[in-house]
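What follows is each chain in one-letter form.
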Amino acid sequence: MNGYTGSKDDYLKRLRRIEGQVRGIARMVEDDTYCIDVLTQVSAATKALQSVSLGLLEDHIGHCVVEAAKESDEAGEAKVREAADAIARLVRS
């Protein structure tokens with residue numbers, strides 16, 4: 001079971017809302033909307049995706065990493081490394 005399984009419906013709802021935001025941004029570009037207004041919406045969609053990412057990361061650490069650490073030190077260390085790599089990717093994006 002994944003760490004986010006209990007919140008899956010919430011994540012899907014948020015992702016669908018973000019999908020709608022992105023479609024709205026595409027329409028803004030099609031309609032030649034003012035650049036700053038488009039950038040404002042891109043920023044809002046980006047922040048929404050970052051929020052989902054942080055929630056997933058928190059769920060991963062709270063469930064997957066903790067469970068792996070209970071299994072063995074090696075499994076725990078591998079999950080911590082995996083989480084650290086994911087954090088590094090998020091920070092770079």
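Now for a look at the structure at hand. (Residues numbered from 1 in each chain as written. Predicted model: local features only at pLDDT ≥ 70, side-chain atom pairs only at ≥ 80, totals over all residues. Heavy atoms only, no water.)

1. Side note on the side chain of H60
Its location among the elements puts H60 in helix 2 (residues 35-71). Note on H60: relative accessible area 19%, which makes it buried. (Helix = DSSP H or I, 4+ residues; strand = E, 2+ residues; numbered from the N terminus. Buried < 20%, exposed > 50% of the residue type's maximum accessible area, 1.4 Å probe, protein only.)

2. Some points on unusual backbone geometry
We note that D32 has phi near 55°; this positive angle belongs to a residue other than glycine. Locating D32 in the fold gives a position in the loop between helix 1 (8-30) and helix 2.

3. A closer look at helix 1
A rise of 1.5 Å per residue sets the reference length of helix 1, with its 23 residues, at 33 Å; its end C-alpha atoms lie 33 Å apart and thus fit the reference within 8%. Residues of helix 1 that are buried include every one of Y11, I18, G24, I25 and M28, and no others. (Expected span 1.5 Å × (residues − 1).)

4. A few points about helix 2
Spanning 37 residues, helix 2 covers 52 Å between terminal C-alpha atoms, matching the ideal 54 Å at 1.5 Å per step. Maximum bend of helix 2: about 30°, positioned at H60. All of the buried residues along helix 2 are V38, A45, V52, G55, L57, D59, H60, C64, V65 and A68. At its buried positions, helix 2 is contacted by helix 1 and helix 3 (73-92). (Bend = angle between axes of the 7 residues up to and from the residue. Contact = heavy atoms within 4.5 Å.)

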